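Analysis of the macromolecular model
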Amino acid sequence: MIKRIIFTFLIFWSAQIVADDLLLKPVQVSPNIYAVIGDIGGQSYENDGLNSNLGFVVTPEGVVIINSGPSTRVAKALHAAIRKITPQPVKWVINVNSQSHYWLGNAYFQSLNIPIIAHKEAGRLMHEMGEMQLASLKGVLKDKAAGTQITYPSELFQDKREIKLGSVVFQLISFGSAHTAGDMVVWLPQQKVLFSGDLVFTERLLAVIPIGNSGGWVKAFDSAMALGPKRIVPGHGKQTNVQQATRDTRDYLVFNRTAIKKMQDKGASLQEAVEKIDQSKFRYLVNFDLLSRRNVNQIFTEMEQESF
Ligand SMILES: [Zn+2]
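Residues numbered from 1 in each chain as written. Predicted model: local features only at pLDDT ≥ 70, side-chain atom pairs only at ≥ 80, totals over all residues. Heavy atoms only, no water.

With respect to the overall build of the chain
Counting its secondary structure elements, the chain contains 9 helices and 12 strands. Here the C-alpha radius of gyration of the chain, 20 Å, is about what a compact globule of 308 residues would show, namely 19 Å. The dimensions of the chain, computed from C-alpha atoms along their principal axes, are 75 × 55 × 35 Å. By residue count, 54% of the 308 residues in the chain fall in the buried class. Put simply, 68% of the contacts in the chain that link residues at least 6 apart link residues at least 24 apart. Of the roughly 14,000 Å² that the chain leaves accessible, carbon and sulfur atoms contribute 55%. Here the chain contributes 33 positively and 27 negatively charged side chains, and the mean placements of these two sets differ by 5 Å. (Helix = DSSP H or I, 4+ residues; strand = E, 2+ residues; numbered from the N terminus. Rg over C-alpha atoms; globule rule 2.2 N^0.38 Å. Buried < 20%, exposed > 50% of the residue type's maximum accessible area, 1.4 Å probe, protein only. Contact = heavy atoms within 4.5 Å. Areas by Shrake-Rupley, 256 points an atom, 1.4 Å probe, with all protein chains shown as cover. Lys, Arg positive; Asp, Glu negative; His and termini not counted. Charge placed at Lys NZ, Arg CZ, Asp CG, Glu CD.)

Given below as structure tokens:
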């Protein structure tokens, strides 16, 4: 009996430890604008599945959160980090796309009756892929996934949506399919800060995936940079500027698209392109060995279907 009580206590106690030990450390991007910079490797138990960036903006009338994180546990930790900075209530949560690290923390914020907004295509992909994402995340996060469940955005938008809190303007803008079909940016025109979502990857190699579009990505990137951001919080990597964003994201996409086009014009096969295109000048980016060949494979397949 006593043994069982002690055992039950230990289980409860260890569950409490898992729930409370995550401390997120926001970095200030600009006055009242913060980012939580996630890991640049894959999702793991150790990094809590947090391998992308979160952010928040404090206004005189409340807080806007950019991305709810991959789990209820991360969402709670994000909320705790915000409370250390401001007593202001959270008024909005934005999901920059449909990937698990950006929206599987939604359930926590919905339980507080906070509206959640995403792009229409992201909403569609969440419905399509959410169950699969949650299952695979539970495999990685195990006990740390406790309480995490699918919660879709309460609002979707198509091209552009403006939110004004106090005097602070947030422009939610879609520039079309890029890393995924439902990408968007959050632009703060007064501060010239851009939460670029997955339009920008820095420090780590980006991934071109079937639900995205490398050609669209280049165009979307250019449109986002035309806004004239002074500071960029990318989807992955530390806060950055247009120059580094261009080098680590746009240059990589254009390099491969140009090389693949040349090879396709000569009638080269997919296999030849994967073998012969020398991407080594991008080797400084983390995940290069894991993703570089896969990227050529995906872009080649995509470009075969494009008309020139
Ligand atoms: Zn991402």
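With respect to the coordination of the zinc ion
Angles between donor atoms at a metal ideally measure 109.5 degrees for a four-coordinate tetrahedral arrangement and either 90 or 180 degrees for a six-coordinate octahedral one. Within the protein, the atoms that donate to the zinc ion are H101 (NE2), D198 (OD) and H236 (NE2), at distances of 2.2 to 2.7 Å. Sequence positions of the donors to the zinc ion reduce to the motif H-x96-D-x37-H. Placement of the pair is H101 in helix α3 (residues 100-103) and H236 in strand β12 (residues 231-236), with a sequence separation of 135 residues. Residues H101 and H236 agree in their burial class; the two are buried. (Donors = N, O, S within 2.8 Å, 3.2 Å for Na, K, Ca; no water.)

Comments concerning the packing of aromatic side chains
Scanning the model with the defined rule gives 6 aromatic pairs in all. Judged by centre distance (5.0 Å) and plane angle (15 degrees), the rings of Y34 and F56 are stacked. Residue Y34 is found in strand β2 (residues 33-36), and its partner F56 is found in strand β3 (residues 54-59); the two are separated by 22 residues along the sequence. With respect to class, Y34 is no different from F56; both count as buried. Taken together, a centroid distance of 5.1 Å and an interplanar angle of 75 degrees make the contact between Y108 and F109 edge-to-face. Clustering of aromatic rings is evident, with ring pairs tying together Y252, F255 and F282. Between K144 and the ring centre of Y45, over which it is positioned, the NZ or CZ distance is 4.1 Å. (Phe/Tyr/Trp six-rings, centres within 6.5 Å; stacked < 30°, edge-to-face > 60°. Lys NZ or Arg CZ within 6 Å of the ring centre and 35° of its normal.)

Observations concerning empty space enclosed by the protein
In total, this model carries 1 cavity of 30 Å³ or more according to the counting rule given. Empty space within the largest cavity amounts to approximately 50 Å³. Considering the residues around the largest cavity, the lining is formed by 13 residues, among which N53, I66, N67, F195 and P234 are closest to the centre. Listed by contribution, the elements that provide at least two residues to the lining of the largest cavity are β3, β11 (193-201) and β12. Per-class residue counts for the lining of the largest cavity are 7 nonpolar, 6 polar and no charged. (1 Å grid on protein atoms, 1.4 Å probe; cavity = no way out; pocket = protein on both sides within 12 Å on 5 of 7 lines; lining within 4 Å. Points joined across faces, edges and corners; volume = space filled by probe spheres on them. Nonpolar A, V, L, I, M, F, W, Y, C, P; charged D, E, K, R; others polar.)

Overview of the pattern of salt bridges
One pass over the structure, following the stated rule, counts 15 salt bridges. Between R124 and E121 there is a salt bridge; the shortest N-O distance is 2.7 Å. Here R124 pairs with E121, and both are found in helix α5 (residues 120-141), just 3 residues apart, close to one helical turn. Salt-bridge contacts for E302 lead to R257; the nearest nitrogen and oxygen are separated by 3.6 Å. Taken together, the residues E302 in helix α9 (residues 288-304) and R257 in helix α7 (residues 242-265) connect sequence positions 45 residues apart. Residues E302 and R257 agree in their burial class; the two are buried. One connected set of salt bridges, linked through shared partners, spans D21, D48, R73 and K144. (Salt bridge = Lys/Arg side-chain N within 4 Å of Asp/Glu carboxyl O.)

Brief notes about the UniProt feature "domain: Metallo-beta-lactamase" (unreviewed entry) in the chain
Within this structure's numbering, the places UniProt gives as "domain: Metallo-beta-lactamase" (unreviewed entry) are residues 51-236. Segment residues 51-236 splits into 31% helix and 29% strand. End C-alpha atoms: 7 Å apart. (UniProt positions renumbered as here; feature names shortened; annotations may be inferred.)

As for the layout of surface pockets
Considered as a void within the structure, the largest pocket measures approximately 650 Å³ in volume. Looking at the lining of the largest pocket, the elements that each hand over two or more residues are α3, α5 and α9. A total of 6 residues in the lining of the largest pocket trace back to one element, the largest contributor, which is α5. Partitioning the lining of the largest pocket into residue classes produces 11 nonpolar, 15 polar and 2 charged.

Some remarks on unusual backbone geometry
One non-glycine residue, D48, lies in the positive phi region at around 60 degrees. Within the secondary structure, D48 sits in the loop between β2 and β3. The phi angle at E203 is positive, at roughly 70 degrees, despite the residue not being glycine. Along the chain, E203 turns up in the loop between β11 and α6 (214-225).

Observations concerning the sheet that holds strand β4 (residues 62-66)
Strands in a sheet are paired, the pairing made by backbone hydrogen bonds, and the direction either parallel or antiparallel. Taken in spatial order, the 7 strands line up as β1-β2-β3-β4-β5-β6-β7 in an open sheet, and their pairing is mixed. Edge positions in the sheet fall to β1 (27-30) and β7 (155-157), since each has one partner strand and no second. Neighbour-to-neighbour, the strand axes of the sheet open up by a mean angle of 25 degrees, direction not taken into account. Across 2 bridges, the pairing between strand β5 (residues 90-94) and strand β6 (residues 116-119) is parallel. Among the inter-strand pairings, I94 is bridged to a residue of β6, identified as I117. Against the sheet, helix α2 (residues 72-85) contacts β2, β3, β4 and β5, and its axis sits at roughly 35 degrees relative to β3. Across the sheet, α5 is in contact with β6 and β7; its angle to β6 comes to roughly 100 degrees. (Pairing = 2+ DSSP bridges. Axes fitted to C-alpha atoms, helices over the stretch in contact; angles between N-to-C directions.)

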